[in-house]
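# Survey of secondary and tertiary structure
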Number of protein chains: 2
Amino acid sequence: MSTVSPSTRNRGNRRAEILEAAAGLFAARGFHGVSIEDIGGAVGISGPALYRHFSGKDALLSEMLLDVSSRLRESAVAVATSSPGPAETLDALLNVQITFAIEQPALITVHDRELGNVPEPARRQIRRLQRLYVEEWVTVLAELHPACPAARLRAATHAVFGLLNSTPHSAGELPAQDMRPLLHTMARAAIEASVNAR
Amino acid sequence: MSTVSPSTRNRGNRRAEILEAAAGLFAARGFHGVSIEDIGGAVGISGPALYRHFSGKDALLSEMLLDVSSRLRESAVAVATSSPGPAETLDALLNVQITFAIEQPALITVHDRELGNVPEPARRQIRRLQRLYVEEWVTVLAELHPACPAARLRAATHAVFGLLNSTPHSAGELPAQDMRPLLHTMARAAIEASVNAR
DNA sequence: CTGGGATGTTAGTCATCATTAACGTAATCG
DNA sequence: CGATTACGTTAATGATGACTAACATCCCAG
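- An unreviewed UniProt entry lists chain A under the name TetR/AcrR family transcriptional regulator, with Nonomuraea longispora given as the organism.

Right under this line is the structure:
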């Protein structure tokens, strides 16, 4: 049997707990607006204890963004390979992004604001994953609308991300139960229009 | 005659120059990621010289956001009072926001990220202007679709802002000449859909 | 002229902050 | 048992950064 020590068992939890707290703080005040002390305090430990779990503030951010972009990308790939056709894939991609935006608003916020503060080794990898995620969308859209130039599809995809990721800004306006179909409908309509324009 | 000294004549220019440079830096690295030295350096003067023009870093940010939100709000009011009907008003509001997003991406970015770093006196005022701007949109949408609950219209408005403000993220994907009608079309379609849903 | 305001400059000052050091304490494992 | 490991703690330490002080310049008004 793989011996699972309590330390091994707990370590992941602690790390996850820290990452979650940090995401909330980063989203609210920005990377440089949050101190190591703040993050520690948010999980009940104090300042330098963080260094038992992460090699530094930068590494913490890197791991956070790497994790988000991998998860998004993986979900997209999973959805694309298991859907019967492009129309269903697009639908599923919308659901993936909407779920993420509604359930992890802080992560989404940090994800598209703080890439500039990630140091170079990780930065490239995150960018790569983001690019692959976008390409997943563009590929599906291209299948559905072969006549539309890729540049336009890419621009439309970014615009749709902006629409879907607006959730953090309009928090509380509408219950998630209503927000979800609203976003889906709006995004679908926006995509249709983008592709038929002119 | 009102005596206009050269100092008076130049002061505004210098201040505007500083505000513009600061907006770019804040958009790229976040408020706390930019130093007074950085801002000064960007306009060819060095660090503490900024205090001849602004009482501090906070005041600089306050003025920047106050200016943006007033301008948006004023444009919206102007457009609303001069349009023949709600359909034309909505169209004009779209154009206002699109123009702003395309021509001043840095300001738009700072505007919806850094409110949290504005100290209290100004913060309330900026929030007020932002709220009034949103209400301008909601009012027009309500005229066009009286059956739709206001909460949904408000959520849809925020989503459309997210869509339109995505420009900074997809910079360079498409020339502004193509981006403009694309955004207009997508936003219009999204609004229609939001209001007809269910 | 000449004095003062506007606008800069450089050298402090004082906080804040990331990071490291030195040091406990439990629990685990041999 | 005994020692290693995982996790925390509280003091440095060293940078960086906002803001202030003290000191030039330039230019216009009287």
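### Brief notes about the layout of surface pockets
All names here are of chain A.
- Estimates place the volume of the second largest pocket at around 240 Å³.
- In this structure, the second largest pocket is lined by A16, L19, E20, A23, M64, D67, V68, R71, E103, Q104, A106 and L107.
- Secondary-structure elements contributing two or more residues to the lining of the second largest pocket are α1 (6-29), α3 (57-82) and α5 (105-111).
- Of the residues contributing to the lining of the second largest pocket, the split by class is 7 nonpolar, 1 polar and 4 charged.

### Examining the UniProt feature "DNA-binding region" (unreviewed entry) in chain A
- In the UniProt entry, the feature "DNA-binding region" (unreviewed entry) is given for residues 35-54 of chain A.
- From the first C-alpha to the last, residues 35-54 of chain A spans 14 Å; its make-up is 35% helix and 0% strand.

### A look at the protein's contact with DNA strand C
- Surrounding DNA strand C, one finds 18 residues, the nearest of these being A:I36, A:Y51, B:R14, B:R52 and B:H53.
- At the protein interface, 62% of the atoms of DNA strand C within 4 Å belong to sugar or phosphate.
- A distance of 3.3 Å separates a phosphate oxygen of DNA strand C from a polar atom in the backbone of A:V34.
- Here a phosphate oxygen of DNA strand C and a backbone polar atom of A:I36 are 2.7 Å apart.
- The greatest single-element share of the surface near DNA strand C, amounting to 3 residues, is contributed by helix α1 (residues 6-29) of chain B.
- Here the surface near DNA strand C is composed, by residue class, of 8 nonpolar, 5 polar and 5 charged.

### Some remarks on the relation of the copies chain A and chain B
- Its rotation angle being 180°, the transformation that places chain A on chain B also includes 0.0 Å of axial translation and leaves an RMSD of 0.0 Å. Those values place the two copies in the arrangement expected of a two-fold rotation axis.

### Overview of the nonpolar core
- Ranked by size, the top nonpolar core spans 125 residues in total, and within it A:F26 and B:F26 carry the most contacts.
- For this core, the two domains that each supply at least three residues are domain 1 (1-54) and domain 2 (56-196) of chain A.
- What A:F26 contacts, discounting residues up to four positions off in sequence, is A:F31, A:V34, A:I39, A:K57, A:L60, A:L61, A:M64, A:V110 and A:E114.

### Here we look at the protein's contact with DNA strand D
- For DNA strand D, the set of nearby residues contains 18 residues, the closest of which are A:R14, A:R52, A:H53, B:I36 and B:Y51.
- The separation between a phosphate oxygen of DNA strand D and a polar main-chain atom of B:V34 is 3.3 Å.
- In the model, a phosphate oxygen of DNA strand D is placed 2.9 Å from a nitrogen or oxygen of the B:K57 side chain.
- At 3 residues, the largest contribution of residues to the surface near DNA strand D is made by α1(A).
- A class-by-class count of the residues in the surface near DNA strand D yields 8 nonpolar, 5 polar and 5 charged.

Conventions and cut-offs
- Residues numbered from 1 in each chain as written.
- Chains lettered and ligands numbered in written order.
- Predicted model: local features only at pLDDT ≥ 70, side-chain atom pairs only at ≥ 80, totals over all residues.
- Heavy atoms only, no water.
- 1 Å grid on protein atoms, 1.4 Å probe; cavity = no way out; pocket = protein on both sides within 12 Å on 5 of 7 lines; lining within 4 Å.
- Points joined across faces, edges and corners; volume = space filled by probe spheres on them.
- Helix = DSSP H or I, 4+ residues; strand = E, 2+ residues; numbered from the N terminus.
- Nonpolar A, V, L, I, M, F, W, Y, C, P; charged D, E, K, R; others polar.
- UniProt positions renumbered as here; feature names shortened; annotations may be inferred.
- Near = heavy atom within 4 Å.
- Polar contact = N/O pair within 3.5 Å; in protein donor to acceptor, adjacent residues only side chain to side chain.
- Least-squares fit on C-alpha atoms with pLDDT ≥ 70 in both.
- Core = buried A, V, L, I, M, F, W, Y, C linked by side-chain atoms within 4.5 Å.
- Buried < 20%, exposed > 50% of the residue type's maximum accessible area, 1.4 Å probe, protein only.
- Domains from an automatic or database assignment.
- Contact = heavy atoms within 4.5 Å.

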